Amino acid sequence: DVYKRQCVEYGAIQSDTGCTPWECHVRIYEGIEQLVREYQLDAGAVESQFFFKNVRAALRIGEARSVAILPLTRAGVPVFEYAPSRVKQAVVGRGSARKEQVQFMIQRILNLREEVEPDDAADALALAICHAHAERLRERIG
């Protein structure tokens with residue numbers, strides 16, 4: 001059952017404020033690569049769409065997203081994509097849920113004592129919950 005799964009660990013890969021985008025990419029790649037080795041991941045999940053008015057920010061996020069997916073793909077770990085509204089639907093029950101509602105439900109579903117920080121870690125846990133729901137559905141459908 002998806003609600004009986006445990007949160008083993010969570011966090012965010014962070015870079016120093018002075019590093020170049022390329023140095024940040026290496027840090028992301030190596031961080032994900034270490035997680036794949038350490039936890040023998042059976043799946044990865046990412047947000048499928050993002051919209052920004054700032055084209056430069058969209059480009060940077062797209063680059064970082066690709067760098068994060070690469071070590072998963074190289075290790076043969078399947079990557080699943082979920083729209084933000086689907087993630088919110090899986091966690092809260094409404095695709096238009098606010099960030100605070102998602103945060104509240106993450107704590108309840110995973111039985112965590114404190115609010116998940118940073119926001120990137122909360123987003124990752126929400127994606128994991130969404131993926132667990134989707135996997136359960138795929139198993140039922142067969």
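The structure reproduced in this document is the subject of the present report. Per-chain numbering applies: the sequence of each chain, read as written, is numbered from 1 onward. Since the coordinates come from a predicted model, pLDDT governs what is reported: local features require at least 70, and pairs of side-chain atoms require 80 or more to be given and counted, while whole-chain, interface and lining totals use all residues. With hydrogens and water set aside, each side-chain value is computed from the structure's full complement of heavy atoms.

## Some remarks on the overall build of the chain
The following threshold applies: Note on conventions: DSSP H or I runs of at least 4 residues are helices, E runs of at least 2 residues are strands, and numbering of each starts at the N terminus. C-alpha atoms define the radius of gyration in this analysis, and the globule rule sets the expected value at 2.2 Å times the number of residues to the power 0.38. Only protein chains enter the accessibility calculation, which uses a 1.4 Å probe; a residue whose area is less than 20% of its type maximum is buried, one above 50% is exposed, and one in between is partly exposed. Any two residues whose heavy atoms approach within 4.5 Å at even a single point are treated as in contact. Using a 1.4 Å probe, accessible areas were evaluated by the Shrake-Rupley method; residue-level cover was limited to the displayed protein chains. We treat Lys and Arg as the positive residues and Asp and Glu as the negative residues; His and chain ends play no part in the count. Taken as the charge location is NZ of Lys, CZ of Arg, CG of Asp or CD of Glu.
The helix and strand tally for the chain stands at five helices and two strands. Along its sequence from the N terminus, the chain presents helices and strands in the succession α-β-α-β-α-α-α. Expected size for 142 residues packed as a compact globule is a radius of gyration near 14 Å; at 15 Å, the chain falls within 12% of this value. Counting only C-alpha atoms and orienting by the principal axes, one finds that the chain spans roughly 40 × 35 × 30 Å. Within the chain, the fraction of its 142 residues that count as buried is 30%. If you take every contact in the chain between residues at least 6 apart in sequence, the share linking residues at least 24 apart comes to 62%. Element-wise, carbon and sulfur atoms account for 50% of the exposed surface of the chain, whose accessible area totals about 9800 Å². Side chains of the chain give 19 positive and 20 negative charges; the mean places of these two sets differ by 7 Å.

## Some words on helix H4 (residues 99-110)
Keep this limit in mind: Given the number of residues in a helix, its expected span is that number minus one, multiplied by 1.5 Å.
Its 12 residues place the ends of H4 16 Å apart at the C-alpha level, agreeing with the 16 Å of an ideal helix rising 1.5 Å per residue. Of the residues making up H4, those classed as buried are Val102, Gln103, Ile106, Gln107, Ile109 and Leu110. Buried-residue contacts for H4 involve helix H3 (84-92) and helix H5 (119-141). Looking one or two residues beyond H4, the residue adopting positive phi is Asn111, at roughly 55°.

## A word on the layout of surface pockets
Cut-off, in case you're wondering: With a 1 Å grid laid over protein atoms only, a set of points is called a cavity when a 1.4 Å probe fits there but cannot get out and a pocket when it is open yet has protein on both sides within 12 Å along at least five of seven lines; lining residues have an atom within 4 Å of a point. Grid points are joined across faces, edges and corners, and a volume is the space filled by probe spheres set on the points. Think of it as three bins: nonpolar holds Ala, Val, Leu, Ile, Met, Phe, Trp, Tyr, Cys and Pro, charged holds Asp, Glu, Lys and Arg, and polar takes everything else, Gly as well.
Considering only enclosed or pocket space, the second largest pocket measures out at about 200 Å³ in volume. Surrounding the second largest pocket, Glu47, Pro84, Val87, Lys88, Ala97, Lys99, Val102, Asp123, Ala126 and Leu127 form its lining. Among the secondary structure elements, those contributing two or more residues to the lining of the second largest pocket are H3, H4 and H5. Residues of the lining of the second largest pocket, tallied by class, amount to six nonpolar, no polar and four charged.

## A closer look at the environment of Arg138
Structurally, Arg138 is set in helix H5. In contact with Arg138, not counting residues within four places along its chain, are Phe80, Tyr82 and His131.

## Here's the deal with a negative patch on the surface
Going by this rule: Patch construction takes residues with relative accessible area above 30% that form no salt bridge. Like charges are linked within 9 Å, and nonpolar side chains (Val, Leu, Ile, Met, Phe, Trp, Tyr) are linked within 5 Å. Salt bridges are identified by distance alone: a Lys or Arg side-chain nitrogen within 4 Å of an Asp or Glu carboxyl oxygen.
A cluster of acidic residues, Glu114, Glu115, Glu117, Asp119 and Asp120, forms a negative patch at the surface. With respect to the element layout, Asp119 can be found in helix H5.

## Quick word on a nonpolar patch on the surface
Judged by side-chain polarity, Val8, Ile13, Leu35, Tyr39 and Leu41 come together as a nonpolar surface patch covering roughly 400 Å² of accessible area. Counting through the fold element by element, Val8 comes out in the segment before helix H1 (21-39).

## A short note on the pairing of strand S1 (residues 44-47)
Rules: Strands are labelled as partners when DSSP assigns at least two bridges between them.
Every second residue of S1 is oriented toward a common face, the buried set being Gly44 and Val46 and the non-buried set Ala45 and Glu47. Note: S1 against strand S2 (residues 79-82), four bridges, orientation parallel. From the neighbouring strand, Gly44 faces S2, where its bridge partner is Val79.

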